[in-house]
Amino acid sequence: LNCRIAVGNPLSNERLDTKMATLYEMEPDDRHRFPKVTDDDKADHLQKLLRNRFEVLTGYADMKKQTAEIEKRFKYYDTNNSGSLDFAEFDAALTEMNLGDAPKAEIRALFDRYDANGDEQVSYTELINGVFEVQPHPLAQKESRRMLENIRAQIAKRGGLNGIRSLGRSFRIMDDSGNGKIEPEELLYGLRDQGVEVERNEVEQIMLHFDKDGDGSVVFDEFLKALRGKMNQRRKNLVKLAFGQLDKTGDGVVTMEDLMGIYDVSENPDVINGILTPDQAFQEFAKVWDRDRSGSVHLDEFIEYYQDVSASIDNDDYFELMIRNAWHISGGEGQYENTANLRVLVIHDDGSQEVVEIQDDLGLDVNDFPAIRKKLFMQGVKNIKKVEVASAM
């Protein structure tokens, strides 16, 4: 056993395939046979219903009157007069219009589609643009979604969990002017460098959505944002929980020194498969986290990293399993229950025995028995005569 932990993929590729297939309740070779119906696909129908509601409410009047109706309802549900709707206010508005029976995941997908700048709020302008599809979001068109899903799947296959982040690095290197834009040829080169093959019509779709000012270049951060998508609330909560495990002072900052101290490169899949040396793995680790070379990682950087990772993982249960095992977060149920935390055999004064999980074992040296005993005592385990770790059990 090692006192440091693995931040990377907690399962080998073969075990990962089997685990993922089990979570999807299908055979490993069957999971790609049928196209997955996403919440965005279902949100298409909700979008049509909402558009139809405003037509009915205004007696199929012109857009000016429909816009006035939207503005009236917008102001009514903007309860704090912030000039925008949060998800709860948006959900309340749909409920009042008899659309609240849709699953929350579908309502959330529509909300995210309208939230063009990703600030977790839908402004009046965003709502108008969304309802009338004035400036269609890439997720509002099935063809665009399929194109993004295809690119995302190819990146995940070739580049793994850090594929989207590697693509972003490639784009920034090609951005000689530093204006956040690249030419279509550079876009193709960057994608192909990541093992992604795209058709000419897909490039045209990308240009349609991400050539913001019509100058023939792509705003690549907007493209990357659409490519990675949004993490749902369950995943965000897990990521924040993981950061809380590291941020012992609660100031929202973790030093790179602290992160490096608990990162075990021997468990990195690329090291195991001989793709990277341990030193190279450490360097990649540092580049992934400390992008601004500040020597520290903030919560927003931590969340941004896992947004990239999240895009390569379809299943919420597996994402939870990965986070819990990577950062030794105790808990979880069933197939996504934590399996990485240290478990010890406790022999009590009366001779009874029990296996106990150390709930907070980040950075814990398995040979430091006084520290292990202290952890057990803090968990309420008393009358300890002897403790044995796995290697001695």
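The structure we're discussing is the one just above.
Okay, so let's go over this structure.

Reading guide: rules and limits
Residues numbered from 1 in each chain as written. Predicted model: local features only at pLDDT ≥ 70, side-chain atom pairs only at ≥ 80, totals over all residues. Heavy atoms only, no water. Helix = DSSP H or I, 4+ residues; strand = E, 2+ residues; numbered from the N terminus. Buried < 20%, exposed > 50% of the residue type's maximum accessible area, 1.4 Å probe, protein only. Contact = heavy atoms within 4.5 Å. Areas by Shrake-Rupley, 256 points an atom, 1.4 Å probe, with all protein chains shown as cover. Expected span 1.5 Å × (residues − 1). 1 Å grid on protein atoms, 1.4 Å probe; cavity = no way out; pocket = protein on both sides within 12 Å on 5 of 7 lines; lining within 4 Å. Points joined across faces, edges and corners; volume = space filled by probe spheres on them. Nonpolar A, V, L, I, M, F, W, Y, C, P; charged D, E, K, R; others polar. Pairing = 2+ DSSP bridges. Axes fitted to C-alpha atoms, helices over the stretch in contact; angles between N-to-C directions. Core = buried A, V, L, I, M, F, W, Y, C linked by side-chain atoms within 4.5 Å.

1. Describing the overall build of the protein
Consideration 1: Each helix and strand in the protein was counted, giving 18 helices and nine strands.
Consideration 2: The buried share among the 393 residues of the protein stands at 46%.
Consideration 3: In the protein, the share of contacts with a sequence separation of at least 24, taken over all contacts with a separation of at least 6, comes to 61%.
Consideration 4: Surface summary for the protein: the accessible area is close to 20,600 Å², and the carbon and sulfur share equals 49%.

2. Some details on helix 16 (residues 299–311)
Consideration 1: The end-to-end C-alpha separation of helix 16 is 19 Å, in line with the 18 Å expected for 13 residues at 1.5 Å each.
Consideration 2: Within helix 16, the full set of buried residues consists of Glu-301, Phe-302, Ile-303, Tyr-305, Tyr-306, Asp-308, Val-309, Ser-310 and Ala-311.

3. With respect to empty space enclosed by the protein
Consideration 1: Taken as a whole and judged by the stated rule, the model has two cavities of 30 Å³ or more.
Consideration 2: Approximately 100 Å³ is the volume attributed to the largest cavity.
Consideration 3: The wall of the largest cavity is formed by Leu-50, Phe-54, Ile-70, Arg-73, Phe-74, Leu-85, Phe-90, Ala-93, Leu-94, Met-97, Leu-127 and Val-131.
Consideration 4: When residues of the lining of the largest cavity are traced back to their parent elements, those giving at least two are helix 2 (39–57), helix 3 (63–77), helix 4 (87–96) and helix 6 (124–132).
Consideration 5: Of the residues assigned to the lining of the largest cavity, the class counts are 11 nonpolar, no polar and one charged.

4. Observations concerning the sheet that holds strand 9 (residues 384–388)
The strands making up a sheet are joined through hydrogen bonds of the backbone, oriented either antiparallel or parallel.
Consideration 1: Ordered in space as 8-7-9, the three strands form an open sheet in which the pairing is antiparallel. One side of each edge strand has no neighbouring strand; the edge strands of this open sheet are strand 8 (353–357) and strand 9. Neighbour to neighbour, the strand axes of the sheet diverge by 30° on average, direction disregarded.

5. Some words on the nonpolar core
Consideration 1: Ranked by internal contacts, the top residues of the largest apolar core, which has 28 residues, are Trp-289, Phe-302, Tyr-306, Phe-319, Ile-323 and Trp-327.
Consideration 2: Elements represented by at least two residues in this core include exactly helix 12 (233–246), helix 13 (256–262), helix 15 (278–289), helix 16 and helix 17 (316–326).
Consideration 3: Core analysis: the next-biggest nonpolar cluster, separate from the first, contains 26 residues, Leu-188, Leu-191, Met-207 and Phe-220 among them.

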